[in-house]
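Examining the three-dimensional arrangement
As a plain string of letters, each chain reads:
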Amino acid sequence: MLYIDFHTHHIPAGRDVVAVVDGRDTWGIHPWRAAEAFVVPDLSTVFAIGECGLDGVRGPSMDVQERVFLEQVRLGEQTGKPLVIHCVKALDRLLSLHKALKPQQPWMFHGFRGKPQQLRSLLDSGFYVSFGFLHNEESLRICPADRLLLETDDDSEHPIAELYNNVARERGIDVSTLCDEMAENYRAFFRREPLERGEKVKN
Ligand SMILES: [Zn+2]
C-alpha cells in the first residue's frame, strides 16, 4: 500500500510513503513570515507553491499578508503550479480572493478542522481540502472523495498509516480504497505520478 502525505515538514522514514515535503517539494512564504524579505528561487524543481496564505491570529497585518499571498497566487498561475494554503480565521477573505482572482490552478486548504458549513463553502469554490489527525468528524465523513487530501503537517510522532486507518474507519471504507482515492487526487492536484523522487515504489 502507498500512503500519500499531502503536506508535511518532515521527510518520511518508510518507503511506502510519498510525502509532499514543505520546503523541498514546495516553495512559499508562510503568512507568519510575510513581513520578511524574500527572493523567489528557481521554481522548476518544486511542484506546488506554499505553504502560503492568511492568518488572522498570528503574523504581520492582514494587508502585508495579503500582498505576499497575492504575489504567490500570481507565481502559481505563472508557473502552472497548485497552491498549498494555510488559513486561520480568514476564510471569508480567502474565499472572496478566490472568487475575484478565478485562478486556473487548484488550491488546497491544508489542516482543515472546520465544520461542515465551512467545508461546503470551500467545496463550492472548488478547493481541495486536506485533513490531519485533528479534524471535525462530520466534515471528514461528508467530504467528497475526489476533493479529500490527507496530511500529517508537523506531527512527526504518528505515522501516516495511522491517519489512513482512522480516516478509512470514519468514512466506512477500506484503507486500500482510501489509498487509491488519494493516488487519484495526487494525480489530479499535482498533475504528476505519486512517486518519490527517483524511486520506484512497489504497491
Ligand atoms: Zn505546514
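So, here is what we can say about the structure in this document. (Residues numbered from 1 in each chain as written. Predicted model: local features only at pLDDT ≥ 70, side-chain atom pairs only at ≥ 80, totals over all residues.)

Counting buried residues in strand β4 (residues 48-55) gives seven out of eight residues, a clear majority hidden from the surface. Pairing of strand β3 (residues 26-27) with β4 involves two bridges; the strand directions are parallel. Residue pairing for β4: Thr26 is matched across the bridge by Ala48. As paired elements, β4 and strand β5 (residues 83-88) share six bridges and run parallel to each other. (Buried ≥ 20, exposed ≤ 12 C-beta atoms within 10 Å, placed from the backbone. Helix = DSSP H or I, 4+ residues; strand = E, 2+ residues; numbered from the N terminus. Pairing = 2+ DSSP bridges.)

In this structure, Leu83, Ile85, Met108, Phe109, Val129, Leu150 and Tyr164 are the most contacted members of the largest nonpolar core, which totals 47 residues. Per element, the largest residue contribution to this core is six residues, and it comes from helix α6 (residues 175-190). What Val129 contacts, discounting residues up to four positions off in sequence, is Phe109, Phe112, Leu119, Leu122, Cys143, Arg147, Leu148 and Leu149. (Core = buried A, V, L, I, M, F, W, Y, C linked by C-beta atoms within 7 Å. Contact = placed C-beta atoms within 7 Å.)

Examined against the element boundaries, Glu162 turns out to sit in helix α5 (residues 160-171). Along the primary structure Glu162 and Phe133 are separated by 29 residues, whereas in three dimensions their C-alpha atoms are 8.9 Å apart.

Before going further, it helps to examine the environment of His86. Topologically, His86 is positioned in strand β5. You can call His86 buried: it has 22 C-beta atoms within 10 Å. In this structure, the C-alpha to C-alpha distance between His86 and His110, residues 24 residues apart in sequence, is 5.8 Å. When near neighbours in sequence (up to four residues on either side) are disregarded, His86 contacts His30, Pro31, Glu51, Cys52, Gly53, Asp55 and His110.

In this section: the pairing of β5. Each regular strand shows side chains that alternate between the opposite faces of the sheet. Within β5, five of the six residues are buried, which leaves it mostly tucked inside the rest of the structure. With helix α1 (residues 62-79) bridging β4 and its parallel neighbour β5, the resulting β-α-β unit is right-handed. Inspection of the sheet shows β5 paired to strand β6 (residues 107-109) by three bridges, in the parallel sense. Along β6, the bridge assignment pairs Leu83 with Trp107. Taking the sense of rotation as the criterion, the β-α-β connection linking β5, helix α2 (residues 91-101) and β6 turns out right-handed. (Right-handed = clockwise from strand over helix to strand, strands pointing away.)

With their axes 9 Å apart at the nearest point, α5 and α6 run at an angle of 105° to one another. Our classification of the angle between α5 and α6 gives roughly perpendicular. Residues Tyr164, Asn165, Val167 and Ala168 of α5 form the contact with α6, whose participating residues are Val175, Leu178 and Cys179. Of the residues in the contact of α5 with α6, the class split is six nonpolar, one polar and no charged. (Axes fitted to C-alpha atoms, helices over the stretch in contact; angles between N-to-C directions. Parallel < 35°, antiparallel > 145°, perpendicular 65-115°, else oblique. Nonpolar A, V, L, I, M, F, W, Y, C, P; charged D, E, K, R; others polar.)

This part covers the environment of Glu193. Along the polypeptide, Glu193 turns up in the segment after α6. Assessed through the 10 C-beta atoms surrounding it within 10 Å, Glu193 is described here as exposed. Considered as a pair, Glu193 and Ala183 are ten residues apart in the sequence and their alpha carbons are 8.1 Å apart.

On to the sheet that holds β5, then. Strand pairing within a sheet occurs via backbone hydrogen bonds; the two strands may be parallel or antiparallel. The sheet built from six strands is open, its strands ordered β3-β4-β5-β6-β7-β8 with parallel pairing. Both edges of this open sheet fall to β3 and β8 (148-150), since each of them pairs with a single strand only. α6 rests against β4, β6, β7 (128-131) and β8 of the sheet, and its axis sits at about 100° to β8.

The analysis is restricted to geometry; functional conclusions fall outside its scope.
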